[in-house]
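An overview of the molecular structure
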There are 4 protein chains.
Amino acid sequence: MRASIKSAAFGLALVAGLAHANVPVANSNITEAEVLAAQKAWGDALVKIALDYEAGGFARAKATAEAVIDAAYGYQAGPVLFKPTLAAAPQTFRTTREGALAYFVGGNPAFPKDSGFALKGWRAVEVANSAMLINGNIATTMGNVTITDKSGKRTVVDKTWTFRKDDSGKLRIVVHHSSLPYAGQ
Amino acid sequence: MRASIKSAAFGLALVAGLAHANVPVANSNITEAEVLAAQKAWGDALVKIALDYEAGGFARAKATAEAVIDAAYGYQAGPVLFKPTLAAAPQTFRTTREGALAYFVGGNPAFPKDSGFALKGWRAVEVANSAMLINGNIATTMGNVTITDKSGKRTVVDKTWTFRKDDSGKLRIVVHHSSLPYAGQ
Amino acid sequence: MRASIKSAAFGLALVAGLAHANVPVANSNITEAEVLAAQKAWGDALVKIALDYEAGGFARAKATAEAVIDAAYGYQAGPVLFKPTLAAAPQTFRTTREGALAYFVGGNPAFPKDSGFALKGWRAVEVANSAMLINGNIATTMGNVTITDKSGKRTVVDKTWTFRKDDSGKLRIVVHHSSLPYAGQ
Amino acid sequence: MRASIKSAAFGLALVAGLAHANVPVANSNITEAEVLAAQKAWGDALVKIALDYEAGGFARAKATAEAVIDAAYGYQAGPVLFKPTLAAAPQTFRTTREGALAYFVGGNPAFPKDSGFALKGWRAVEVANSAMLINGNIATTMGNVTITDKSGKRTVVDKTWTFRKDDSGKLRIVVHHSSLPYAGQ
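Residues numbered from 1 in each chain as written. Chains lettered and ligands numbered in written order. Predicted model: local features only at pLDDT ≥ 70, side-chain atom pairs only at ≥ 80, totals over all residues. Heavy atoms only, no water.

Before going further, it helps to spend a moment on the overall build of chain A. Secondary structure summary: chain A contains two helices and seven strands in total. Listing every helix and strand of chain A by position from the N terminus yields β-β-α-β-α-β-β-β-β. Looking at chain A as a whole, 58% of its 185 residues qualify as buried. Counting contacts in chain A only where the partners sit at least 6 residues apart, residues at least 24 apart contribute 45% of the total. Total accessible area on chain A is roughly 7,100 Å²; 59% of this is exposed by carbon and sulfur atoms. (Helix = DSSP H or I, 4+ residues; strand = E, 2+ residues; numbered from the N terminus. Buried < 20%, exposed > 50% of the residue type's maximum accessible area, 1.4 Å probe, protein only. Contact = heavy atoms within 4.5 Å. Areas by Shrake-Rupley, 256 points an atom, 1.4 Å probe, with all protein chains shown as cover.)

Structure representation (structure tokens):
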């Protein structure tokens, strides 16, 4: 019933142990597969907000965005390091849930420059990671994310995400730095 | 060349992304398989010290024990929480390399009760884990370890090990609590 | 408002930056002080179960023990590596909440050898750590714990604890190996 | 000599325990102070490369940059997620040491767009963190970094850094995403 590893340096006739049968293992580490799934979920969520806006207007888009933020980001546990693609000074960094929501759907007078990034007709999201680092329950990816709108126009951004696997096993974004490509050359 | 994850909520004809091709992943986490291998290596090493003692005497056993301690324990990085099976007050806890070596091979006047646990004719070691916890680069096991000597006599101990995977990828014992079964009932 | 670190390698007259004012820091790591407090809480809880047994009988002691286990151990998140001092084969390892409760208060026919360790008149608990390891949200201590009963009789055990700080900030015991001192010498 | 925590729920006259005297603690966690020092060191290093270029030419600047990369980044342990401020496709992400060096000092035909970012007369670096996350031996900061050149011209970037404390206790940059502020509004 228990795992059994045998180590016989010479001839005592011990039966070979089972590799590791039925031993409970509690593992809090994040896996590469979980990270890839969370990236895909982020893309699906962005498209969903855009579609909900078109089908149900601002109120529905906002409700969806709130659900997305609460499910996919880590604001309920503290500040999130979020630098959205199109955010600028003096509100570049959106460390609070309110700032993230304003960025995604706009309509908040406290964030007057926000016009609602998620409302812009997005239809597809493609992630191309350049590398990934895994460390305990934390994983960071860096790469390009390409988003396509309903006219077929593609926008490419440079994006860094850190996902943290919480105690319930759910991955949450705790770092998100997105920027337009450098165009000076 | 890059990993490509696509998320198309509806009909845009994006080709399906490759799952995660050729993206470098740096992962510092420990795995269950690594832990099982390290447990087996500990057993092999105990038997090797015993055999080297019989074949080459104290000097050879001591040299082997030093190599084992330096390879398998974490003393070079700080204190190790080591409570050997047969150690007692006032030298119960062997947080230093010297204390561990004295326990395994004896011969150190500073540890007068140590007669050399590893010299006692061991021939086989069997590990039966009851459960395992994995957390980042740390894993802890608890279970029974049965060691058999050359006469076939078996000794069972209750043992807890914590292994830490260092930056070079090597597992090192940083906690080792071993005790004889409670015999009071 | 923001932390400001300045680095002027030569004469530009930059004002000295504030060290780190008002920058939110989310830190999931465990601290030595938290570990010491959790050890003390364990001792207080053991005494409380004993006193509740004397004042309120088995039912009250059991209720207190359940509250203690639910607050101080990590069973709700998975197996706990618990080898109680007086537990023996075939029920040495108490990886489930039921096994822990049986050990502390007895009265469970499924654990016929358990007479209720926490009911034995304990009045004081003293912890003497030999060393501590801290790694992320995990900390392990090894040392002696001395428990004194109402007659003044002292029992010393060798004890290893691993505490894990959960996402809510609470420390939980995930490894607990306790053994009577080796008496063979 | 040992730490001593006492827990007396009622009147047994136990002396108050010492808080935690002389118990060795091995702690692999990163601290906020270490992160702030590593940020300052990065700024000092950037200025040093610029000054060495002016005083000693390309060869000296390159040697300094190599020393800086080897000391401050984690390339010797695997890929680093580095998106420099002015890097663009198809060489946006500098996951190798060679790519980082090319960015800082240029002169590598394999990276034809790189003109040597660190050679541009920098004199001062100021870091203004918006928030920090600490998780085991990993810490991430996000905020603005302002660099001033010898003419007094200031450049502000949005920057995310993840520092990893290695087994030797040294902090190394494993994630570095730097971008010019969004200027579209």
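Inspection of every chain in the model, using the stated rule, returns 48 salt bridges over all chains. Residue Arg 94 of chain C is joined to Asp 114 of chain C by a salt bridge in which the shortest nitrogen-to-oxygen separation is 2.7 Å. Highlighted residues: Arg 94 of chain C in the loop between strand 3 (81-83) and helix 2 (97-105) and Asp 114 of chain C in the loop between helix 2 and strand 4 (122-135), separated in sequence by 20 residues. Take Arg 94 of chain C: its relative accessible area is 2%, and that puts it in the buried class. Ionic pairing is found between Asp 52 of chain D and Lys 48 of chain D, a salt bridge with its closest N-O pair at 3.1 Å. You can see Asp 52 of chain D and its partner Lys 48 of chain D sitting in helix 1 (residues 32-72), four residues apart, about one turn around the helix. Where salt bridges share partners, they join Lys 48, Asp 52 and Arg 60 of chain A into one cluster. (Salt bridge = Lys/Arg side-chain N within 4 Å of Asp/Glu carboxyl O.)

A separate point is the interface of chain C and chain A. Across the boundary between the two partners, chain C contributes nine residues, which contact nine residues of chain A. Summing both partners gives a buried area of about 820 Å² for chain C against chain A, and 48% of it is carried by carbon and sulfur. If you sort the residues of chain C by the area they bury against chain A, Pro 79, Arg 164 and Asp 167 of chain C come out on top, with a joint share of 49%. Connecting chain C to chain A are two salt bridges. Across the chain C-chain A interface, the total number found is three residue pairs in polar contact (both at pLDDT 80 or more). For the side of chain C that touches chain A, a count of residues per class yields four nonpolar, one polar and four charged. (Buried area = accessible area lost by both parts, 1.4 Å probe. Polar contact = N/O pair within 3.5 Å; in protein donor to acceptor, adjacent residues only side chain to side chain. Nonpolar A, V, L, I, M, F, W, Y, C, P; charged D, E, K, R; others polar.)

Turning our eyes to something else, we now look at the pairing of strand 4 (residues 122-135) of chain D. Across the 14 residues that make up strand 4 of chain D, a large majority, 14, are buried. With three bridges connecting them, strand 2 (residues 25-27) of chain C and strand 4 of chain D associate as parallel partners. Bridged to Asn 27 of chain C within strand 4 of chain D is Ile 134 of chain D. Sheet topology places strand 4 of chain D next to strand 5 (residues 138-149) of chain D; 12 bridges connect them, and they run antiparallel. Among the inter-strand pairings, Asn 129 of chain D is bridged to a residue of strand 5 of chain D, identified as Gly 143 of chain D. Linkage of strand 4 of chain D to strand 5 of chain D, two consecutive antiparallel strands, is achieved through a turn of two residues, within which Gly 136 of chain D is found at a positive phi near 65°. (Pairing = 2+ DSSP bridges.)

Superposing chain C onto chain A requires a rotation of 180° together with a translation of 0.0 Å along the rotation axis, leaving an RMSD of 0.0 Å. The relationship between the two copies is best expressed as a two-fold rotation axis. When C-alpha positions in chain C are compared against the rotation axis, the closest is assigned to Asp 167 of chain C, at 3.1 Å. A high fraction, 100%, of the interface residues of chain C reappear at the interface in chain A, so the copies pair face to face through one surface. (Least-squares fit on C-alpha atoms with pLDDT ≥ 70 in both.)

The next thing to look at is helix 2 (residues 97-105) of chain B. Residues and elements named next belong to chain B. Of all nine residues in helix 2, seven are buried, a share of seventy percent or more. Along helix 2, the positions that sit buried rather than exposed are Gly 99, Ala 100, Leu 101, Ala 102, Tyr 103, Phe 104 and Val 105. Close packing links the buried residues of helix 2 with helix 1 (32-72) and strand 3 (81-83). In the segment just after helix 2, Gly 106 is the residue with positive phi, at about 65°.

What follows is about empty space enclosed by the protein. Following the criterion strictly, the structure yields 11 cavities of 30 Å³ or more and no others. In this structure, the largest cavity encloses a volume near 290 Å³. As for the largest cavity, its lining consists of 24 residues, of which Asn 135 of chain A, Gly 136 of chain B, Asn 135 and Gly 136 of chain C together with Gly 136 of chain D are closest to the centre. Along the lines of polarity and charge, the residues of the lining of the largest cavity split into no nonpolar, 20 polar and four charged. (1 Å grid on protein atoms, 1.4 Å probe; cavity = no way out; pocket = protein on both sides within 12 Å on 5 of 7 lines; lining within 4 Å. Points joined across faces, edges and corners; volume = space filled by probe spheres on them.)

Attention shifts here to the confidence of the model for chain A. Residue and element names in this part refer to chain A. With 88% of its residues at a pLDDT of 70 or more, chain A has an overall mean of 90. Across residues 1-19, where pLDDT falls below 50, the model places 58 contacts with residues more than four positions away in sequence or in other chains. On the interface metric, ipTM, the complex scores 0.89, and its pTM is 0.90. (pLDDT = per-residue confidence, 0-100.)

Moving on: the packing of helix 1 (residues 32-72) of chain A against helix 2 (residues 97-105) of chain A. Residue and element names in this part refer to chain A. Where helix 1 contacts helix 2, the two axes come as close as 10 Å, and the packing angle between them is 160°. Our classification of the angle between helix 1 and helix 2 gives roughly antiparallel. Considering how the two elements wind past one another, helix 1 and helix 2 form a crossing that is right-handed. Contact residues: Ile 49, Phe 58, Ala 61, Lys 62, Ala 65, Glu 66, Ile 69 and Asp 70 in helix 1; Arg 97, Ala 100, Leu 101, Phe 104 and Val 105 in helix 2. Taken together, the residues of the contact of helix 1 with helix 2 break down into nine nonpolar, no polar and four charged. (Axes fitted to C-alpha atoms, helices over the stretch in contact; angles between N-to-C directions. Parallel < 35°, antiparallel > 145°, perpendicular 65-115°, else oblique. Left-handed = near helix turned anticlockwise from the far one by under 90°.)

This part takes up the environment of Ala 131 of chain A. In this fold, Ala 131 of chain A is placed in strand 4 (residues 122-135). With 11 residues separating them along the chain, Ala 131 of chain A and Met 142 of chain A place their C-alpha atoms 6.0 Å apart. In contact with Ala 131 of chain A, other than residues within four places in its own chain, are Thr 140, Thr 141 and Met 142 of chain A, Val 23 and Pro 24 of chain B together with Pro 79, Leu 81 and Thr 95 of chain D.

On to the environment of Lys 165 of chain D, then. Residue and element names in this part refer to chain D. With respect to the helices, strands and loops of the structure, Lys 165 is situated in strand 6 (residues 154-165). Of the residues examined, Lys 165 reaches a relative accessible area of 12% and is grouped as buried. As for Lys 165 and Trp 42, which are separated by 123 residues in sequence, their C-alpha atoms are 15 Å apart. Apart from residues lying up to four places away in sequence, Lys 165 is in contact with Asn 27, Ser 28, Asn 29, Ile 30, Glu 34, Asn 137, Lys 170 and Leu 171. Within the structure, the side chain of Lys 165 is placed 2.9 Å from the side chain of Glu 34, a separation counted as a polar contact.

With omega at 5°, the peptide bond leading from Ala 89 of chain B into Pro 90 of chain B counts as cis. Mapped onto the elements of the fold, Pro 90 of chain B is located in the loop between strand 3 and helix 2.

Let us look at the packing of aromatic side chains. Counting across every chain of the model gives 40 aromatic pairs over all chains. Measuring from ring centre to ring centre gives 5.8 Å for Trp 161 of chain A and Phe 163 of chain A, while their planes differ by 50°; the resulting arrangement is tilted. Owing to a relative accessible area of 1%, Trp 161 of chain A belongs among the buried residues under this scheme. On the accessibility criterion, Phe 163 of chain A (2% relative accessible area) is buried. Their ring planes at 70° and their centres at 5.8 Å tell us that Tyr 103 of chain B and Phe 104 of chain B sit as a pair that is edge-to-face. Grouping aromatic residues by their ring pairs yields a cluster made of Tyr 73, Tyr 75, Phe 82, Tyr 103, Phe 104, Phe 117 and Trp 122 of chain A. (Phe/Tyr/Trp six-rings, centres within 6.5 Å; stacked < 30°, edge-to-face > 60°.)

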